[in-house]
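Here is how the chains run, residue by residue.
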Amino acid sequence: MEDNYADYLNIEAGSPVIVMERRGLLADNTPVEYSRSHFLGDTFEFEAEV
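A brief structural summary.

Rules behind the numbers
Residues numbered from 1 in each chain as written. Predicted model: local features only at pLDDT ≥ 70, side-chain atom pairs only at ≥ 80, totals over all residues. Heavy atoms only, no water. Salt bridge = Lys/Arg side-chain N within 4 Å of Asp/Glu carboxyl O. Helix = DSSP H or I, 4+ residues; strand = E, 2+ residues; numbered from the N terminus. Phe/Tyr/Trp six-rings, centres within 6.5 Å; stacked < 30°, edge-to-face > 60°. Buried < 20%, exposed > 50% of the residue type's maximum accessible area, 1.4 Å probe, protein only.

## Focus: the pattern of salt bridges
Applying the stated criterion to the full structure yields 3 salt bridges. The partner of Arg23 in a salt bridge is Glu21, with the nearest N and O atoms 3.0 Å apart. Each of the salt bridges in this network shares a partner with another, and the network as a whole consists of Glu21, Arg23 and Arg36.

Structure (structure tokens):
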């Protein structure tokens, strides 16, 4: 699987990347969304607001 992500990102397998997982839940904790994203650290900017 790692080789597939490396191909998509046009990098060598084993190169470091940022992996972000997100889960969306309803008020009763029923899962309705799941995503997993891979980003190159030198091309990605992350900002979080709380």
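Let's pick the thread back up.
## What about unusual backbone geometry?
Despite not being glycine, Asn10 has its phi angle at roughly 60°, a positive value. Secondary-structure assignment places Asn10 in the loop between helix H1 (2–9) and strand S1 (18–25). A positive phi is found at Asn29, a non-glycine position, where the angle reads about 70°. Looking at where Asn29 falls in the secondary structure, it is placed in the loop between S1 and strand S2 (31–39).

## A closer look at the packing of aromatic side chains
Counted by the stated rule, this structure contains 1 aromatic pair. A ring pair is formed by Tyr5 and Tyr8, whose centres lie 6.5 Å apart and whose planes are at 75°; its orientation type is edge-to-face. A residue pair is termed a helical-turn pair when its members lie 3 or 4 positions apart in one helix, as Tyr5 and Tyr8 do in helix H1 at 3 residues. Residue Tyr5 is classed as partly exposed on the basis of its relative accessible area, which comes to 29%.

## Looking at the environment of Gly41
Secondary-structure assignment places Gly41 in the segment after S2. Linking Gly41 and Arg22, residues 19 residues apart in sequence, is a C-alpha distance of 18 Å.

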